[in-house]
Amino acid sequence: MIDSKLLTLKDYIGVCMLINKVLVLSLFFICSLNLTVYAQEIPSPQQALQNFNISPAQIKQLEQGKIVSYEVNEASKKELGIGLAMLIPVALTKIADYIKLGNLTYTESGLIASGPLSENADLRSFEQFGFSNEQLGEAKSFLNAKPGDSFNLSKHEFERLKSFKIDLQGADNKTLLKAANEIYREFLLQRFIAYRKRGLAGIAAYDRQRSSTDPGAELRIAAINSKALAQYFPELQQAWLNYPTTLPPKINEQFLWLNRHVEGRPTAILIHRLIAISEKGGIVLSRQFYVGHSYNSSHIAMSGLPYKNGTLVFYSIRSSTDQVDGMGSSLKHSIGREQMRKEMIKRLQRINKDLKLKVAPIASEN
(Lines give C-alpha, C1' and ligand atoms only; values in the text may rest on other atoms or scores of the structure.)
Protein backbone atom coordinates (compact mmCIF):
# COMPACT_ATOMS: atom_id res chain seq x y z
CA MET A 1 0.00 0.00 0.00
CA ILE A 2 1.26 3.49 -0.85
CA ASP A 3 2.00 5.82 2.07
CA SER A 4 -0.88 8.24 2.62
CA LYS A 5 1.57 11.12 2.33
CA LEU A 6 2.02 10.28 -1.33
CA LEU A 7 -1.58 11.21 -2.00
CA THR A 8 -0.84 14.76 -0.92
CA LEU A 9 1.73 15.25 -3.65
CA LYS A 10 -1.00 16.68 -5.89
CA ASP A 11 -1.35 19.63 -3.56
CA TYR A 12 2.34 20.33 -3.23
CA ILE A 13 2.88 20.01 -6.95
CA GLY A 14 0.24 22.69 -7.30
CA VAL A 15 2.72 25.14 -5.78
CA CYS A 16 5.09 24.42 -8.63
CA MET A 17 2.27 25.25 -11.02
CA LEU A 18 1.83 28.62 -9.39
CA ILE A 19 5.44 29.39 -10.17
CA ASN A 20 4.80 28.34 -13.77
CA LYS A 21 2.10 30.98 -13.90
CA VAL A 22 4.37 33.60 -12.47
CA LEU A 23 7.00 32.63 -15.02
CA VAL A 24 4.57 32.87 -17.90
CA LEU A 25 3.57 36.29 -16.66
CA SER A 26 7.17 37.42 -16.54
CA LEU A 27 8.21 35.76 -19.78
CA PHE A 28 5.68 37.52 -21.91
CA PHE A 29 5.31 40.77 -20.04
CA ILE A 30 9.04 41.48 -20.16
CA CYS A 31 9.08 41.11 -23.93
CA SER A 32 7.63 44.62 -24.09
CA LEU A 33 10.87 45.87 -22.50
CA ASN A 34 12.85 44.73 -25.54
CA LEU A 35 15.52 42.97 -23.50
CA THR A 36 18.41 41.27 -25.21
CA VAL A 37 18.82 37.60 -24.46
CA TYR A 38 22.31 37.00 -23.17
CA ALA A 39 23.08 33.70 -24.80
CA GLN A 40 25.97 32.08 -26.57
CA GLU A 41 23.64 31.30 -29.45
CA ILE A 42 19.85 31.25 -29.56
CA PRO A 43 18.80 27.84 -30.88
CA SER A 44 16.43 27.55 -33.78
CA PRO A 45 13.08 25.93 -32.99
CA GLN A 46 14.26 22.83 -34.86
CA GLN A 47 17.40 22.64 -32.72
CA ALA A 48 15.39 23.08 -29.55
CA LEU A 49 12.97 20.32 -30.54
CA GLN A 50 15.90 18.04 -31.23
CA ASN A 51 17.63 18.93 -27.97
CA PHE A 52 14.55 17.99 -25.99
CA ASN A 53 14.28 14.71 -27.94
CA ILE A 54 10.88 15.60 -29.33
CA SER A 55 10.18 13.14 -32.14
CA PRO A 56 8.84 13.93 -35.62
CA ALA A 57 5.52 12.40 -34.57
CA GLN A 58 5.40 14.73 -31.58
CA ILE A 59 6.25 17.72 -33.75
CA LYS A 60 3.20 16.93 -35.86
CA GLN A 61 1.14 16.79 -32.67
CA LEU A 62 2.53 20.15 -31.59
CA GLU A 63 1.59 21.67 -34.94
CA GLN A 64 -1.92 20.29 -34.43
CA GLY A 65 -2.12 22.26 -31.20
CA LYS A 66 -1.48 19.36 -28.85
CA ILE A 67 0.62 19.36 -25.69
CA VAL A 68 3.51 16.90 -25.65
CA SER A 69 5.76 15.68 -22.86
CA TYR A 70 9.52 15.30 -22.87
CA GLU A 71 11.76 13.57 -20.41
CA VAL A 72 13.64 15.41 -17.69
CA ASN A 73 16.33 13.19 -16.23
CA GLU A 74 16.00 13.17 -12.46
CA ALA A 75 19.30 13.75 -10.69
CA SER A 76 18.48 12.28 -7.29
CA LYS A 77 16.12 9.90 -5.51
CA LYS A 78 14.21 12.84 -4.11
CA GLU A 79 13.68 14.69 -7.37
CA LEU A 80 10.57 14.75 -9.54
CA GLY A 81 11.18 16.06 -13.05
CA ILE A 82 9.01 16.54 -16.10
CA GLY A 83 8.87 18.77 -19.17
CA LEU A 84 6.09 19.89 -21.49
CA ALA A 85 6.07 21.62 -24.85
CA MET A 86 3.27 23.40 -26.64
CA LEU A 87 2.84 25.58 -29.69
CA ILE A 88 0.61 28.47 -28.70
CA PRO A 89 -0.84 29.73 -32.02
CA VAL A 90 -0.41 33.43 -31.30
CA ALA A 91 2.52 35.82 -31.39
CA LEU A 92 4.49 36.76 -28.30
CA THR A 93 3.10 40.28 -28.46
CA LYS A 94 -0.49 39.06 -28.23
CA ILE A 95 0.31 36.83 -25.29
CA ALA A 96 2.06 39.78 -23.64
CA ASP A 97 -1.06 41.91 -24.05
CA TYR A 98 -3.16 39.14 -22.53
CA ILE A 99 -0.83 38.81 -19.55
CA LYS A 100 -0.64 42.57 -18.95
CA LEU A 101 -4.40 42.58 -18.35
CA GLY A 102 -3.72 40.49 -15.23
CA ASN A 103 -5.57 37.40 -16.39
CA LEU A 104 -3.23 34.96 -14.66
CA THR A 105 -2.03 36.89 -11.64
CA TYR A 106 -4.53 35.87 -8.99
CA THR A 107 -6.33 32.94 -10.54
CA GLU A 108 -4.31 30.22 -8.80
CA SER A 109 -6.41 28.32 -6.28
CA GLY A 110 -5.01 28.24 -2.80
CA LEU A 111 -3.05 31.47 -3.06
CA ILE A 112 -3.46 33.42 0.17
CA ALA A 113 -1.12 36.35 -0.37
CA SER A 114 2.08 37.37 -2.12
CA GLY A 115 4.46 40.27 -2.34
CA PRO A 116 7.69 41.50 -3.96
CA LEU A 117 10.99 41.67 -2.08
CA SER A 118 13.35 44.55 -2.73
CA GLU A 119 17.07 44.66 -2.09
CA ASN A 120 16.36 46.52 1.15
CA ALA A 121 13.55 44.25 2.34
CA ASP A 122 12.79 44.27 6.06
CA LEU A 123 10.12 42.86 8.35
CA ARG A 124 7.58 45.28 6.88
CA SER A 125 8.01 43.50 3.53
CA PHE A 126 6.35 40.44 5.08
CA GLU A 127 3.56 42.18 6.96
CA GLN A 128 0.90 40.61 4.70
CA PHE A 129 2.26 37.15 5.50
CA GLY A 130 0.87 35.29 8.49
CA PHE A 131 -1.51 32.79 9.99
CA SER A 132 -5.14 33.90 10.12
CA ASN A 133 -7.52 33.45 13.04
CA GLU A 134 -8.89 30.38 11.29
CA GLN A 135 -5.35 28.96 11.17
CA LEU A 136 -4.72 29.24 14.92
CA GLY A 137 -4.13 25.49 15.14
CA GLU A 138 -1.40 25.71 12.50
CA ALA A 139 0.14 28.69 14.32
CA LYS A 140 0.27 26.72 17.56
CA SER A 141 1.79 23.74 15.75
CA PHE A 142 4.44 26.05 14.36
CA LEU A 143 5.31 27.43 17.79
CA ASN A 144 5.58 23.88 19.13
CA ALA A 145 7.44 22.49 16.11
CA LYS A 146 10.26 20.02 16.63
CA PRO A 147 12.85 18.65 14.18
CA GLY A 148 11.16 16.36 11.66
CA ASP A 149 9.09 16.65 8.49
CA SER A 150 6.15 18.76 9.71
CA PHE A 151 7.99 22.06 9.19
CA ASN A 152 11.06 22.91 7.12
CA LEU A 153 13.20 24.69 9.70
CA SER A 154 16.88 24.70 10.54
CA LYS A 155 18.43 23.57 13.81
CA HIS A 156 18.91 27.21 14.79
CA GLU A 157 15.29 28.05 13.95
CA PHE A 158 13.98 25.17 16.05
CA GLU A 159 16.14 26.32 18.95
CA ARG A 160 14.90 29.88 18.48
CA LEU A 161 11.30 28.66 18.70
CA LYS A 162 12.06 26.70 21.84
CA SER A 163 13.49 29.73 23.64
CA PHE A 164 10.85 32.05 22.19
CA LYS A 165 8.09 29.84 23.56
CA ILE A 166 9.27 30.27 27.16
CA ASP A 167 7.89 33.81 27.21
CA LEU A 168 4.51 32.59 25.97
CA GLN A 169 3.58 30.44 28.95
CA GLY A 170 -0.12 31.03 29.71
CA ALA A 171 -0.59 33.38 26.76
CA ASP A 172 -4.05 33.66 25.21
CA ASN A 173 -4.82 32.69 21.61
CA LYS A 174 -4.54 36.25 20.29
CA THR A 175 -1.07 36.60 21.73
CA LEU A 176 0.02 33.19 20.43
CA LEU A 177 -1.18 34.00 16.92
CA LYS A 178 0.63 37.33 16.90
CA ALA A 179 3.81 35.73 18.24
CA ALA A 180 3.77 32.94 15.63
CA ASN A 181 3.44 35.45 12.81
CA GLU A 182 6.17 37.68 14.17
CA ILE A 183 8.77 34.94 14.50
CA TYR A 184 7.88 33.31 11.15
CA ARG A 185 8.37 36.68 9.43
CA GLU A 186 11.68 36.99 11.23
CA PHE A 187 12.76 33.58 9.89
CA LEU A 188 11.74 34.53 6.35
CA LEU A 189 13.67 37.79 6.46
CA GLN A 190 16.76 36.05 7.84
CA ARG A 191 16.61 33.42 5.11
CA PHE A 192 16.16 36.07 2.43
CA ILE A 193 19.14 38.07 3.73
CA ALA A 194 21.31 34.94 4.00
CA TYR A 195 20.48 33.95 0.42
CA ARG A 196 21.17 37.45 -0.86
CA LYS A 197 24.58 37.41 0.82
CA ARG A 198 25.71 33.84 0.09
CA GLY A 199 23.37 32.36 -2.52
CA LEU A 200 22.89 28.61 -2.43
CA ALA A 201 25.53 28.27 0.28
CA GLY A 202 23.48 30.55 2.51
CA ILE A 203 20.39 28.32 2.52
CA ALA A 204 20.11 26.71 5.94
CA ALA A 205 19.43 22.96 5.90
CA TYR A 206 16.15 21.56 7.22
CA ASP A 207 16.59 19.63 10.48
CA ARG A 208 14.97 16.19 10.23
CA GLN A 209 16.00 15.14 13.77
CA ARG A 210 18.25 12.23 12.78
CA SER A 211 19.34 13.75 9.48
CA SER A 212 19.03 16.95 7.49
CA THR A 213 17.87 18.07 4.06
CA ASP A 214 19.96 20.57 2.11
CA PRO A 215 17.76 22.53 -0.37
CA GLY A 216 20.78 24.54 -1.51
CA ALA A 217 22.55 21.39 -2.68
CA GLU A 218 19.35 20.20 -4.38
CA LEU A 219 18.98 23.46 -6.29
CA ARG A 220 22.62 23.37 -7.34
CA ILE A 221 22.19 19.88 -8.79
CA ALA A 222 19.02 20.96 -10.59
CA ALA A 223 20.76 23.96 -12.18
CA ILE A 224 23.76 21.90 -13.25
CA ASN A 225 21.47 19.38 -14.92
CA SER A 226 19.43 21.97 -16.84
CA LYS A 227 20.37 21.02 -20.41
CA ALA A 228 19.21 24.13 -22.28
CA LEU A 229 20.68 26.43 -19.67
CA ALA A 230 24.09 24.79 -19.85
CA GLN A 231 24.21 24.62 -23.65
CA TYR A 232 22.85 28.00 -24.70
CA PHE A 233 23.22 30.20 -21.62
CA PRO A 234 26.50 29.07 -20.02
CA GLU A 235 27.32 32.45 -18.48
CA LEU A 236 23.80 32.78 -17.13
CA GLN A 237 24.08 29.28 -15.69
CA GLN A 238 27.32 30.20 -13.92
CA ALA A 239 25.75 33.35 -12.52
CA TRP A 240 22.77 31.28 -11.38
CA LEU A 241 25.03 28.75 -9.68
CA ASN A 242 27.41 31.32 -8.17
CA TYR A 243 24.88 33.90 -7.07
CA PRO A 244 25.46 36.48 -5.67
CA THR A 245 27.69 37.58 -8.52
CA THR A 246 27.58 40.03 -11.40
CA LEU A 247 24.73 39.06 -13.70
CA PRO A 248 25.09 39.12 -17.49
CA PRO A 249 23.79 42.31 -19.15
CA LYS A 250 20.08 42.87 -19.69
CA ILE A 251 18.94 40.36 -17.06
CA ASN A 252 15.81 41.19 -15.11
CA GLU A 253 15.99 39.92 -11.51
CA GLN A 254 13.05 39.50 -9.15
CA PHE A 255 12.41 38.24 -5.61
CA LEU A 256 9.04 37.53 -4.06
CA TRP A 257 7.29 35.67 -1.28
CA LEU A 258 4.11 33.61 -1.44
CA ASN A 259 1.69 32.28 1.15
CA ARG A 260 -0.29 29.39 -0.25
CA HIS A 261 -2.26 26.37 0.86
CA VAL A 262 -0.21 23.20 0.38
CA GLU A 263 -1.66 19.89 1.54
CA GLY A 264 -4.40 21.87 3.23
CA ARG A 265 -1.94 23.98 5.22
CA PRO A 266 -0.64 27.53 4.70
CA THR A 267 3.02 27.71 3.79
CA ALA A 268 5.63 30.34 3.05
CA ILE A 269 7.67 30.22 -0.16
CA LEU A 270 10.64 32.42 -1.09
CA ILE A 271 11.42 32.78 -4.81
CA HIS A 272 14.33 34.10 -6.88
CA ARG A 273 13.79 34.65 -10.60
CA LEU A 274 15.94 35.70 -13.57
CA ILE A 275 14.43 36.72 -16.91
CA ALA A 276 16.15 37.21 -20.26
CA ILE A 277 14.09 37.62 -23.41
CA SER A 278 14.00 39.30 -26.81
CA GLU A 279 12.01 38.96 -30.00
CA LYS A 280 14.18 35.96 -30.92
CA GLY A 281 13.34 34.05 -27.77
CA GLY A 282 14.40 33.83 -24.18
CA ILE A 283 14.61 31.97 -20.93
CA VAL A 284 13.18 32.37 -17.44
CA LEU A 285 14.75 30.74 -14.39
CA SER A 286 13.05 30.43 -11.05
CA ARG A 287 14.06 28.73 -7.82
CA GLN A 288 12.08 28.30 -4.63
CA PHE A 289 14.91 28.58 -2.14
CA TYR A 290 12.65 28.19 0.87
CA VAL A 291 9.42 26.23 1.29
CA GLY A 292 7.64 25.99 4.64
CA HIS A 293 6.68 22.32 4.49
CA SER A 294 5.74 19.31 2.33
CA TYR A 295 8.57 19.59 -0.22
CA ASN A 296 12.10 20.93 -0.14
CA SER A 297 12.81 23.07 -3.19
CA SER A 298 11.88 23.65 -6.81
CA HIS A 299 13.76 24.70 -9.95
CA ILE A 300 11.96 25.81 -13.11
CA ALA A 301 13.43 26.60 -16.51
CA MET A 302 11.13 28.00 -19.18
CA SER A 303 11.96 29.04 -22.71
CA GLY A 304 10.01 30.45 -25.63
CA LEU A 305 10.80 30.64 -29.35
CA PRO A 306 8.84 32.07 -32.28
CA TYR A 307 7.71 29.16 -34.44
CA LYS A 308 5.73 29.48 -37.66
CA ASN A 309 2.67 31.54 -36.76
CA GLY A 310 2.93 31.06 -33.03
CA THR A 311 5.15 30.65 -30.00
CA LEU A 312 6.84 27.39 -29.10
CA VAL A 313 7.03 27.07 -25.32
CA PHE A 314 9.15 24.60 -23.35
CA TYR A 315 9.15 24.40 -19.61
CA SER A 316 10.49 21.92 -17.12
CA ILE A 317 10.10 21.54 -13.39
CA ARG A 318 12.49 19.82 -11.02
CA SER A 319 11.04 19.55 -7.52
CA SER A 320 12.69 17.80 -4.63
CA THR A 321 10.69 16.12 -1.88
CA ASP A 322 11.51 13.61 0.83
CA GLN A 323 8.09 12.06 0.23
CA VAL A 324 9.26 10.08 -2.82
CA ASP A 325 12.41 8.69 -1.21
CA GLY A 326 12.71 5.38 0.62
CA MET A 327 10.63 2.22 0.20
CA GLY A 328 8.50 2.19 -2.93
CA SER A 329 10.46 5.09 -4.40
CA SER A 330 9.99 3.99 -8.00
CA LEU A 331 6.22 3.82 -7.70
CA LYS A 332 6.09 7.09 -5.77
CA HIS A 333 8.10 8.81 -8.50
CA SER A 334 5.81 7.46 -11.20
CA ILE A 335 2.68 8.67 -9.44
CA GLY A 336 4.26 12.00 -8.56
CA ARG A 337 5.32 12.65 -12.16
CA GLU A 338 1.86 11.88 -13.48
CA GLN A 339 0.22 14.20 -10.96
CA MET A 340 2.70 16.92 -11.86
CA ARG A 341 2.10 16.39 -15.57
CA LYS A 342 -1.67 16.72 -15.18
CA GLU A 343 -1.34 19.97 -13.28
CA MET A 344 1.09 21.40 -15.83
CA ILE A 345 -1.24 20.46 -18.69
CA LYS A 346 -4.14 22.30 -17.03
CA ARG A 347 -2.13 25.50 -17.00
CA LEU A 348 -1.16 25.30 -20.64
CA GLN A 349 -4.71 24.42 -21.62
CA ARG A 350 -6.07 27.41 -19.77
CA ILE A 351 -3.67 29.81 -21.50
CA ASN A 352 -4.56 28.38 -24.89
CA LYS A 353 -8.28 28.45 -24.17
CA ASP A 354 -8.20 32.07 -23.06
CA LEU A 355 -6.29 33.14 -26.14
CA LYS A 356 -7.91 30.91 -28.76
CA LEU A 357 -11.25 30.08 -27.08
CA LYS A 358 -10.62 26.38 -27.18
CA VAL A 359 -8.94 23.77 -25.03
CA ALA A 360 -5.68 22.29 -26.28
CA PRO A 361 -5.86 18.49 -26.61
CA ILE A 362 -3.30 16.20 -25.01
CA ALA A 363 -1.05 14.20 -27.29
CA SER A 364 -1.07 10.43 -27.00
CA GLU A 365 1.89 8.99 -25.12
CA ASN A 366 1.98 5.96 -27.41
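First, a word on what this report is: a plain description of the structure on this page. Computed from a predicted structure; not experimentally measured.

### Observations regarding the environment of Q231
By the element assignment, Q231 lies in helix α9 (residues 227-232). Considered as a pair, Q231 and I42 are 189 residues apart in the sequence and their alpha carbons are 9.9 Å apart. Polar contacts involving the side chain of Q231 include one to the side chain of Y232, which spans 3.4 Å.

### Considering the packing of helix α6 (residues 155-166) against helix α7 (residues 173-198)
Across the interface, α6 lies against α7 with an axial gap of 12 Å and an inter-helix angle of 155°. Relative to α7, the element α6 is oriented roughly antiparallel. In this structure, the crossing between α6 and α7 has a hand that is right-handed. On α7, the residues that touch E157, R160, L161 and F164 of α6 are A179, I183, E186, F187 and R191. Residues belonging to the contact of α6 with α7 are distributed by class as follows: 5 nonpolar, no polar and 4 charged.

### Some details on the packing of aromatic side chains
All chains considered together, the criterion is met by 18 aromatic pairs. Relative to F289, the ring of Y195 lies with its centre 4.1 Å away and its plane at 10°, an arrangement referred to as stacked. Of this pair, Y195 sits in helix α7 while F289 sits in strand β8 (residues 281-291), and the two are 94 residues apart along the sequence. Each of the two residues, Y195 as well as F289, counts as buried.

### Examining the packing of helix α5 (residues 136-143) against α7
For the pair α5 and α7, the least separation of the axes is 9 Å and the interaxial angle reads 60°. Classified by the angle between their axes, α5 and α7 sit oblique to one another. In terms of crossing hand, the pair formed by α5 and α7 is left-handed. For the pair α5 and α7, contact is made by L136, A139, K140, F142 and L143 and by N173, L176, L177, A180, I183, Y184 and F187, respectively. Among the residues making up the contact of α5 with α7, the classes are represented as 10 nonpolar, 1 polar and 1 charged.

What counts, and where the lines are drawn
- Residues numbered from 1 in each chain as written.
- Predicted model: local features only at pLDDT ≥ 70, side-chain atom pairs only at ≥ 80, totals over all residues.
- Heavy atoms only, no water.
- Helix = DSSP H or I, 4+ residues; strand = E, 2+ residues; numbered from the N terminus.
- Polar contact = N/O pair within 3.5 Å; in protein donor to acceptor, adjacent residues only side chain to side chain.
- Axes fitted to C-alpha atoms, helices over the stretch in contact; angles between N-to-C directions.
- Parallel < 35°, antiparallel > 145°, perpendicular 65-115°, else oblique.
- Left-handed = near helix turned anticlockwise from the far one by under 90°.
- Contact = heavy atoms within 4.5 Å.
- Nonpolar A, V, L, I, M, F, W, Y, C, P; charged D, E, K, R; others polar.
- Phe/Tyr/Trp six-rings, centres within 6.5 Å; stacked < 30°, edge-to-face > 60°.
- Buried < 20%, exposed > 50% of the residue type's maximum accessible area, 1.4 Å probe, protein only.

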